[in-house]
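Analysis of the macromolecular model
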Amino acid sequence: MANVLTVDKLTKTFRKPFTGARVEAVRGVSFSVSSGDIFGFLGPNGAGKTTTIKMLTGLIAPTQGEATILGHRAPSPTAMARVGFLPENPYVYPYLTPREFVTLCGRLSGLSGSGLRTKVEAVLERVGVAYAIDRAVRALSKGMLQRVGLAAALVHEPELLILDEPMSGLDPVGRKEVRDLIVEEKKAGRTVFFSSHILTDVELLCDRVCILRKGEVVVAGAIGELLAAGTRRVEVVLGGVSDGLRERFATLGYRVAPLGELHVVEPEGDQAVRCVLEEALLAGARVESVTPKRETLEDLFVRQAI
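Calculation notes
- Residues numbered from 1 in each chain as written.
- Predicted model: local features only at pLDDT ≥ 70, side-chain atom pairs only at ≥ 80, totals over all residues.
- Heavy atoms only, no water.
- Helix = DSSP H or I, 4+ residues; strand = E, 2+ residues; numbered from the N terminus.
- Buried < 20%, exposed > 50% of the residue type's maximum accessible area, 1.4 Å probe, protein only.
- Contact = heavy atoms within 4.5 Å.
- Pairing = 2+ DSSP bridges.
- Axes fitted to C-alpha atoms, helices over the stretch in contact; angles between N-to-C directions.
- Core = buried A, V, L, I, M, F, W, Y, C linked by side-chain atoms within 4.5 Å.
- Polar contact = N/O pair within 3.5 Å; in protein donor to acceptor, adjacent residues only side chain to side chain.
- Expected span 1.5 Å × (residues − 1).
- Arc of directions from axis to C-beta.

**Quick notes on the environment of D37**
Structurally, D37 can be placed in the loop between β2 (22-34) and β3 (38-42). Residue D37 is classed as buried on the basis of its relative accessible area, which comes to 9%. Those residues in contact with D37 that lie beyond four places of it in its chain are K186, R190, T191, V192, D207 and R208.

**Brief notes about the sheet that holds strand β11 (residues 233-239)**
Sheet architecture is open: four strands sit in the order β12-β13-β11-β14, paired in antiparallel fashion. Strands at the two margins of the open sheet, each flanked by one partner only, are β12 (256-259) and β14 (286-293). Taking the axes of each pair of neighbouring strands and ignoring which way they run, one obtains an average angle of 25° across the sheet. Here β12 runs beside strand β13 (residues 262-265); their pairing, made up of four bridges, is antiparallel.

**Regarding the environment of R117**
You can see R117 is positioned in helix α4 (residues 113-126). Along the chain, R117 and V102 lie 15 residues apart, while their C-alpha atoms are 9.6 Å from each other.

**Thoughts on unusual backbone geometry**
The step from A74 to P75 runs through a cis peptide bond, and the omega angle for that step is -5°. By secondary structure assignment, the location of P75 is in the loop between β5 (72-73) and α2 (77-80). One non-glycine residue, K9, lies in the positive phi region at around 55°. Along the chain, the position of K9 falls in strand β1 (residues 3-15). In this structure K9 comes out as exposed when scored by relative accessible area, which is 57%.

**Some words on the nonpolar core**
Of all hydrophobic cores here, the largest spans 48 residues; its most connected members are L42, V102, L124, L150, L163, I182 and F194. A per-element tally of this core places helix α5 (residues 142-154) first, with seven residues. If you look at the next biggest cluster of nonpolar residues, it comprises 26 residues, including V26, F41, L70 and L160.

**Quick look at the environment of T63**
Here T63 shows up in the loop between α1 (49-56) and β4 (64-69). We classify T63 as partly exposed; its relative accessible area is 42%. Separated by 52 residues in sequence, T63 and T11 have C-alpha atoms that sit 5.5 Å apart. Setting aside its immediate chain neighbours within four residues, T63 contacts T11, K12 and T13. Here T13 takes part through its backbone nitrogen, which lies 2.8 Å from a polar atom of the side chain of T63.

**As for the side chain of H263**
For H263, the location among the structural elements is in strand β13. Aside from chain neighbours lying at most four places away, what touches H263 is V236, V237, L238, V241, R246, V256, A257 and P258.

**A closer look at the pairing of strand β10 (residues 216-222)**
Where strand β9 (residues 208-213) meets β10, six bridges bridge the pair, whose relative direction is antiparallel. The residue of β10 that forms the bridge with C210 is A220. Once β9 ends, the chain turns through two residues before running back antiparallel as β10, passing K214 with a positive phi of about 55°.

**Regarding helix α6 (residues 172-187)**
In an α-helix, one turn spans 3.6 residues; hence positions three or four apart end up facing the same way. Here α6 contains 16 residues, and its C-alpha end-to-end distance of 23 Å stays within 8% of the 22 Å for a straight helix at 1.5 Å per residue. What α6 keeps buried is the set G174, V178, R179, L181, I182 and E185. On an axial view of α6, the arc spanned by its buried residues comes to 160°, and they lie on one face. Exposed residues lying more than 90 degrees from the buried face of α6 are P172, V173 and K187. Its buried side turned inward, α6 meets β3, α4, α5, β7 (160-164), β8 (191-195) and α7 (199-205).

Rendered as structure tokens:
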């Protein structure tokens, strides 16, 4: 599949005021986003996610490296005309209404006339703000402002959506609606690149992910492959565990956690599972259950990004 977004060794160095000390916010970041993918851009606070997105959209200039969007060097007017962007904290002019603000954004994207009016009403309906379409933005909640910003990113039907924390400020219902909207965009053939701290949403939605730590890429790839490659854990629940067996497990390096009258051991790898079961059976313990535990995106994130 063709790459819609390609980032090659993107670097951003800031200088602190007064001292002039150099701060490397982004260090040689490289990744690519294929057409039609939902791509998750992850990392702890301060990892460089928003700085990278600002370089892609032209809000700040990179120190080194380059990026291309839809075959054009980023940022360029040609590329950005085909991009919908939702910043982390969207600023909406407080005395405009959602209709007026999204109409303004549509005009900046080259739309006009009755077609623009129809699209503005449709997109505000789609993001759930139609009931407040002519209410001053300053009277809206943070979650509603987020929805208005999302409507502005969608109004011109972009080929690529760049969303910085799109679920920020939304309640659980709002998060589900945004997730559904992202899936709809993918089904329509569009590409979605978004950052988020809500890892369950990323795991549900994304085809591929990239994890940053201290401005560098530490993990990138298809989410299914990354999780499948993780260490295989198995939860073994035992009954009738004696003090001697607990001591034996401790000697072998296996932690035994109480679970009511039962005990739980979580060995990693097939050989370790076999060892735990053999030791338990030799000691006369009962094997209540053996349950494989699939690694989650949160497990991967904690291992790689913290």
